[in-house]
Amino acid sequence: MTWIWILLAPLLGGLIYGGERVLRARMQRRQGPPLLQPFYDMFKLLDKRTLIIHAPHALLAVAHFLVLWFTVAAIFLGWNLLYIIFLHLFAQILLILAGYSVRSVYSHLGANRELLMVVAYEPILIVVAVGFYLISGSFEISTILQGGGYWHQLPLLFVALLIIVPIKVKKSPFDVGEAHQEIVGGIEIEYSGVFYEFLYMSRFLEYIFIYSFVFLFGGESYWLGAVLVAGTFLVVNLVDNATARVHTADMLKIVYGVAMSLAIINILGVLL
Amino acid sequence: MKFFTTFRKKSPWILHYNAGSCNGCDIEILASLAPKFDLERFGVINTGNPKQSDIFLVTGPVTYRSRERLVELYTQIPEPKVVVAVGSCTATGGVFRGMVNTEDGIDRYIPVDVYVPGCASSPQLIIDGLVKALEILEAKSKEIEKPFKLFGAIETIGNKLSRLNMAKKVHNDEN
Amino acid sequence: MSTLFLLPIIASVFTLLLPFERVHYFISASVLVILSVSAFLLYSSPEIVTFQLSHSMNLLVVIADIILLLYFLYQGIKFKSANVIFLSAVQLLLYGYVESIAPIAGSAEIVVDNLSKFMFLIINGVGGIIVLYSVRYMHDEAVSATKKSLFIAGLLLFISIMNLIVCANSILLFFLLFEMTTLASYLLISFRNDPLSRANGLKALWMNQIGGVIILLGALVAIEGFGTVMFDTLLKSSGGMVLFAVALLSLSALVKGAALPFEGWLLGAMVAPTPVSAMLHSATMVKIAPYLILKLAPVLGSTLLGNFFSVTGALVFVAASYLALSRFVFKEILGYSTVALLGLMMALAAIGTKESMTLAMVLMVFHALSKALLFLSAGVLEKQYHVKSIEEMKGLVHRAPKTVGFILFGFVSLTLPPFGLFMGKLLAITSISSLLRERPLLLIVVLSLVIGSALLVLLYFKVASAILSSPCDIHPSEKEYLPYGFSIPLWLLTLYSIAVSLGFIVLQKNLFIAWLALPLLVVILLPSMVKRMEQYDRIQPYHCGEKELFDAALVYYEPSIRVRQMIYWSFGMLFVAVAFIGVLS
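Counting starts from 1 at the beginning of each chain's written sequence and moves along it residue by residue. Think of it this way: whatever chain is written first is A, whatever ligand is written first is 1, and the rest follow in order. A pLDDT threshold of at least 70 governs which residues receive local features in this predicted model, and a stricter bar of 80 or more applies before side-chain atom pairs are shown or counted, although totals over entire chains, interfaces and linings include all residues.

A few points about the overall build of chain A
Summing up its helical and strand segments, chain A has 12 helices and 1 strand in all. Secondary structure elements follow DSSP: runs of H or I of four or more residues count as helices, runs of E of two or more count as strands, with numbering from the N terminus. Going from N to C terminus, chain A has its helices and strands arranged as α-α-β-α-α-α-α-α-α-α-α-α-α. With the radius of gyration taken over C-alpha atoms, the globule rule is written as 2.2 Å times the number of residues to the power 0.38. Computed over the C-alpha atoms, the radius of gyration of chain A is 18 Å, within 12% of the 19 Å expected from 2.2 N^0.38 for a compact globule of 272 residues. Once the C-alpha set of chain A is aligned to its principal axes, its extents read approximately 60 × 45 × 40 Å. Residues with at least 20 neighbouring C-beta atoms inside 10 Å of their own are called buried, those with 12 or fewer are called exposed, and the rest are partly exposed, where every C-beta is derived from the backbone. Counting every position in chain A, which comprises 272 residues, the buried fraction comes to 61%.

Following this line, the structure appears as structure tokens:
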């Protein structure tokens, strides 16, 4: 059963992405694309002539996607949360190396910003993992999901996670890494056809990755987890529609100033 | 594959380029993307990046300065692709026809599939033109399409084409 | 056992007598093999060797010490450095006093325990490779043949000193060898003998002398309080003053480990020939710092002092990683990241649980391997391509694909799974988290560990951004000429690093960790796909329709002078606070 979920993970992520596009359209009072639009896009991309810059650049995107899929598989299998975070870091570094491997200004700028985003969200994710550990006594997702009460004991940590969700799913106000009007998609820019498709699908997997962290706050009650995910989804999209993009430096300030201090206060509260 | 071909018209991504337009048509294009006309219901995304787009929306009569960029962008769009010329200037030169610093329309440089008239053309017309373009897009093959002018060296790797320097410098091409 | 001390000395004599390059290759290669094998054999045998110095040998130690200090004084007067003169004079006086009241040795001065054996592995394995490399490096150096052999002989002697220092049980013997490493670093840093080298050499001299003074003070406290100069007796005894002595000794480790605010000497050392940087700053000398803390850890352990010291180390980790972001000379960047990681190792060692001490040792091995690899690659770039700053490295992958491969491997092995350094950090987070409830102060260590690691990732891959940037591959990249003298040491380090990482994963007996290596398989398999990529059309990068290629600038994060001063001041305060807490407890 779990394996089926793992195989279907990109599809699930695609559905979330499609749903998000519809939701955002409705928030702006327009009709919006069909729910299955991401899959139409994918099929169309398969039909395009593929242009690449050089082989390592294209292959690193494939590697990024595969490692990310592996990470998501690790989540479904209930592995250690720290491994998962670091596997995700590995995937992200592959993508960043891809961005750096071409002599393209936008790609470099995107990769720089992506690195800064890693610096921003990585510590928070690990602190969240430490928070789970303090309550449940284990880093294993399967054990964490058997416990409960995270929601009451780690409320500020949840807010901290809420602050970094937009970074991970590249939504305003923290969509600096992609920033279509500014750096034309950043790392994505030099990809086309089949290889762009891998990046497009890895975006779906990112959704699953970050929302599963939100889901963990529900603990043993999966319904609570689902409600939290749905709530986060709504809030993130609302904020996305209502805010402008901030500068990378401001992003770091917000994450380290607000989210980090919230997380520290919460953990100190648990400890003392 | 036939199956994938049917999805071409379901997700047309556009690249919008202003080849010296007065911005009238550009504003109309943006209006058609905005919530009122909502082009996204056709799956349209304004990518701003030639390598991921299918439809090349060009406005303006092609100034001398913009010729090379126009052709370079055109060659960087992977096939299948269609070009939509938005506005009278783009089709014929419009009010700029015969002026010293402009060309008379983009079809001197790149093959155009759909001409959208109007000065400036309205969102309704643009959407109409795009829908027309989608039919053409579905019928297109994946063969390499070349620009008419400013066409330069093709290098090869193995026996495959490379698009390096497909658009050459202008002064080499001027007769 | 005695091979480890005597062979390098004998080899260095031969190097001096026979100044021919082929002979040097032969000597260094055989020294590498013999030393590594004997260190490994020693490591696998469980016995603990002790050795008591005879009276005449003790006298020799005293004489050597006094000569050494007088030499420092002479250098201070010769180059008119007030710091060096003052510190040498203080050391002479203190040493005279300590020696006059020092008790007759109760136990053996030289004890080879498991920790020493472990250090032998690092010192001889990595140090030997660096000596081998330095033969080829010196080939291109514009100095006389005698000076070349002197350089190699110096490196060999240094290995011998290092081998001795990690089994010194007497604080006074430790002091002598500590000062000898200081001397070695002074001589090797000012090897090129230009004004900058000499200034930096003197800087290294006086900064390390502070460490010497602190050790002497520690010895004084130990003698006054417990009437012993032996580490093992001191660590077994209890009472108020023991923590003060330990605090002083661990402060000297901070100096030797170039923790902020003493990182100046390590960065200054970058003007020296690259093997020196590799030897002093990656593999051997700075490792004295975590080694000393590991030795003191049983006492530091769960005390407030230990907690506070590990917080200091962890903060050094973050601050040094942050300061490194403003640097553009490749070796300086490596130097700063060494400072950072040493801080982390000391922090982990000072926590004092068995697990965290093991992790500190793990970090030491992998850091030595990866940093040596990076430094040696930096030396190759310097010699073959005359590239020093990361600004000059743009597009280097086109000119020097092999060296860039080694550098990239170095970066990856320092940051990513499944390599040892990453594993160490991961397990460290797990083990410290389990201690958090009893020792909440360690929360700062966890946070610093996490933030510092993220900053180091930023640092390394920023450098990678300069190296990797390459245009469309329609034109094949140039073939790189990498002589065997360079490539063999680099390959050895790479293979060591992979082998030790795999061994570590296997030893963990944890199936999940083994799974972590799986993604790497994906990366390894990908190059086989490169051939198939020829079917796709090539295209230039997108530059808004322009045909010229542009380069993006590298990013630097320069803290303002005020912030920088604040960082230095706060670390100075922390340094004093460690001693203060030692007195209090």
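Description of the overall build of chain B
Summing up its helical and strand segments, chain B has 6 helices and 7 strands in all. Helices and strands appear in chain B in the N-to-C order α-β-α-β-β-α-β-α-β-α-β-β-α. Looking at chain B as a whole, 49% of its 175 residues are labelled buried.

Here's the deal with the interface of chain A and chain C
Tallying the contact residues gives 51 residues for chain A and 49 residues for chain C. When residues of the side of chain A that touches chain C are traced back to their parent elements, those giving at least two are strand S1 (51–52), helix H3 (55–76), helix H4 (81–100), helix H5 (105–136) and helix H12 (248–271) of chain A. Element by element, the count of residues in the side of chain A that touches chain C is highest for H5 of chain A, at 17 residues. Asp, Glu, Lys and Arg are counted as charged, while Ala, Val, Leu, Ile, Met, Phe, Trp, Tyr, Cys and Pro are counted as nonpolar; the rest, among them Gly, fall into the polar class. Across the side of chain A that touches chain C, the residue classes break down as 39 nonpolar, 8 polar and 4 charged. In this analysis, strands are considered paired if DSSP registers two or more bridges between them. The pairing of S1 of chain A with strand S3 (residues 537–538) of chain C spans 2 bridges and is classified as parallel. Note that in S3 of chain C the partner of Leu51 of chain A across the bridge is Asp537 of chain C. Note on contacts: residues are paired as contacts if their backbone-placed C-beta atoms lie within 7 Å.

A word on helix H12 (residues 274–283) of chain C
Residues and elements named next belong to chain C. In terms of residue burial, H12 counts as a mostly covered element, since 10 of its 10 residues are buried. Taken together, the buried positions of H12 are Thr274, Pro275, Val276, Ser277, Ala278, Met279, Leu280, His281, Ser282 and Ala283. Looking at the buried residues of H12, the elements they touch are helix H5 (114–139), helix H6 (145–165), helix H7 (171–189), helix H11 (264–268), helix H15 (330–351) and helix H16 (354–385).

Comments concerning the sheet that holds strand S1 (residues 13–18) of chain B
Residue and element names in this part refer to chain B. Spatially, 5 strands are ordered S2-S1-S3-S4-S5 in an open sheet, and the strand pairing comes out parallel. Looking at which strands have only one partner, the edges of the open sheet turn out to be strand S2 (45–46) and strand S5 (114–116). By the bridge criterion, 5 bridges tie strand S3 (residues 55–59) to strand S4 (residues 82–86) in an arrangement that is parallel. Across the sheet, the residue bridging to Val58 is Ala85, located in S4. The strands that helix H2 (residues 24–33) touches are S1, S2, S3 and S4; relative to S3, the one it contacts most, it runs at about 140 degrees. Angles here are taken between N-to-C directions and fall from 0 to 180 degrees, while the axes themselves are lines fitted to C-alpha atoms, restricted in helices to the stretch in contact.

Considering the packing of H5 of chain C against H6 of chain C
Residues and elements named next belong to chain C. Running from N to C, H5 and H6 point in directions that differ by 180 degrees, and their axes come no closer than 10 Å. Regarding the angle of H5 to H6, the classification is roughly antiparallel. Listed contacts from H6 to Phe120, Ile123, Asn124, Gly127, Ile130, Val131, Ser134, Val135 and Met138 of H5 are Lys148, Phe151, Ile152, Leu155, Leu156, Ile159, Met162 and Asn163. Class assignment of the residues belonging to the contact of H5 with H6 gives a composition of 12 nonpolar, 4 polar and 1 charged. In this scheme, roughly parallel covers angles under 35 degrees and roughly antiparallel covers those over 145, while 65 to 115 is roughly perpendicular and the rest are oblique.

Observations concerning the packing of helix H14 (residues 304–324) of chain C against helix H24 (residues 561–584) of chain C
All names here are of chain C. The interhelical angle for the contact between H14 and H24, taken along N-to-C directions, is 165 degrees, at an axis separation of 10 Å. The orientation of H14 relative to H24 falls into the category roughly antiparallel. Of the two possible hands of crossing, H14 and H24 adopt the one that is left-handed. Along its contact with H14, which presents Leu304, Leu305, Phe308, Phe309, Thr312 and Ala319, the element H24 presents Ile567, Phe571, Leu574, Val578, Ile581 and Gly582. Per-class residue counts for the contact of H14 with H24 are 10 nonpolar, 2 polar and no charged. Two helices that cross are described as forming a left-handed crossing if the nearer one is turned anticlockwise from the farther one by less than a right angle, and a right-handed crossing if clockwise.

Section: the interface of chain A and chain B
Opposite the 27 residues of chain A that make contact, chain B presents 19 residues. Put simply, the parts of the chain that give the side of chain A that touches chain B at least two residues each are helix H2 (37–46) and helix H10 (193–216) of chain A. Sort the elements by how many residues they give to the side of chain A that touches chain B and H2 of chain A lands first, with 6 residues. Of the residues assigned to the side of chain A that touches chain B, the class counts are 10 nonpolar, 9 polar and 8 charged.

Focus: unusual backbone geometry
Residues and elements named next belong to chain A. Following Ser172, the chain continues to Pro173 via a peptide bond in cis, the omega torsion being 5 degrees. If you trace the backbone, Pro173 turns up in the loop between helix H8 (155–168) and helix H9 (180–183). Positive phi values are uncommon outside glycine, yet Lys170 reaches one of about 55 degrees. Considering the arrangement of structural elements, one finds Lys170 in the loop between H8 and H9. Residue class for Lys170 comes out partly exposed when judged on the 19 C-beta atoms lying within 10 Å of it.

A word on the nonpolar core
Among the nonpolar cores identified, the biggest contains 320 residues, and Ile124 and Ala129 of chain A together with Leu363 and Ala372 of chain C are the most heavily contacted of them. Counting residues per element, this core draws most heavily on helix H20 (residues 442–468) of chain C, at 21 residues. With residues up to four places along the chain from it excluded, the contact list for Ala129 of chain A reads Leu81, Leu82, Ile85 and Phe139 of chain A. Only buried Ala, Val, Leu, Ile, Met, Phe, Trp, Tyr and Cys residues enter a nonpolar core, and they are joined through C-beta atoms within 7 Å. Counting 37 residues, the second-largest nonpolar core is a separate cluster that includes Ile14, Val71, Val84 and Leu134 of chain B.

Notes on the confidence of the model for chain B
Residues and elements named next belong to chain B. The quantity called pLDDT is the predictor's confidence in a given residue, expressed from 0 to 100. The share of residues in chain B with pLDDT of 70 or more is 84%, and the mean pLDDT across the chain is 80. This model gives residues 169–175 a pLDDT under 50, and the stretch forms 6 contacts once residues within four places in sequence are excluded. Across the assembled chains, the prediction reports ipTM 0.85 with pTM 0.87.

A word on the environment of Gly78 of chain A
All names here are of chain A. If you trace the backbone, Gly78 turns up in the loop between H3 and H4. When the C-alpha positions of Gly78 and Leu145 are compared, they lie 8.7 Å apart, and in sequence the two are 67 residues distant. Not counting residues within four places of it along the chain, the set of residues in contact with Gly78 comprises Glu140, Ile141 and Ser142.

Side note on the pairing of S3 of chain B
All names here are of chain B. Here S3 lies mainly inside the structure; 5 of its 5 residues are buried. Judged by which residues are buried, S3 turns out to be covered on both faces: Ile55, Leu57 and Thr59 on one side and Phe56 and Val58 on the other are all buried. Here 5 bridges tie S1 to S3, and the two strands are oriented parallel to one another. Across the sheet, Leu15 pairs through a bridge with Phe56, a residue of S3. By convention, orient the strands away from the viewer: a clockwise path from the first strand over the helix to the second makes the crossover right-handed. Crossover connection from S3 via helix H3 (residues 67–76) to parallel S4: handedness right-handed.

Digging into the pairing of S4 of chain B
With 5 of 5 residues buried, S4 of chain B is to be regarded as a mostly interior element. Alternating positions in S4 of chain B separate into two faces, Val82, Val84 and Val86 of chain B on one and Val83 and Ala85 of chain B on the other, with burial throughout.

Points about the environment of Leu121 of chain C
All names here are of chain C. With respect to the secondary-structure elements, Leu121 resides in helix H5. Looking at Leu121, the number of C-beta atoms within 10 Å reads 17, which means it is partly exposed. Taking the C-alpha atoms as reference points, Leu121 and Ser88, separated by 33 residues in sequence, lie 33 Å from one another.

So, the environment of Ala85 of chain B
All names here are of chain B. You can see Ala85 is positioned in strand S4. Separated by 29 residues in sequence, Ala85 and Val114 have C-alpha atoms that sit 6.2 Å apart. Not counting chain neighbours up to four residues away, the residues in contact with Ala85 comprise Val58, Thr90, Ala91, Ile106, Val112, Tyr115 and Val116.

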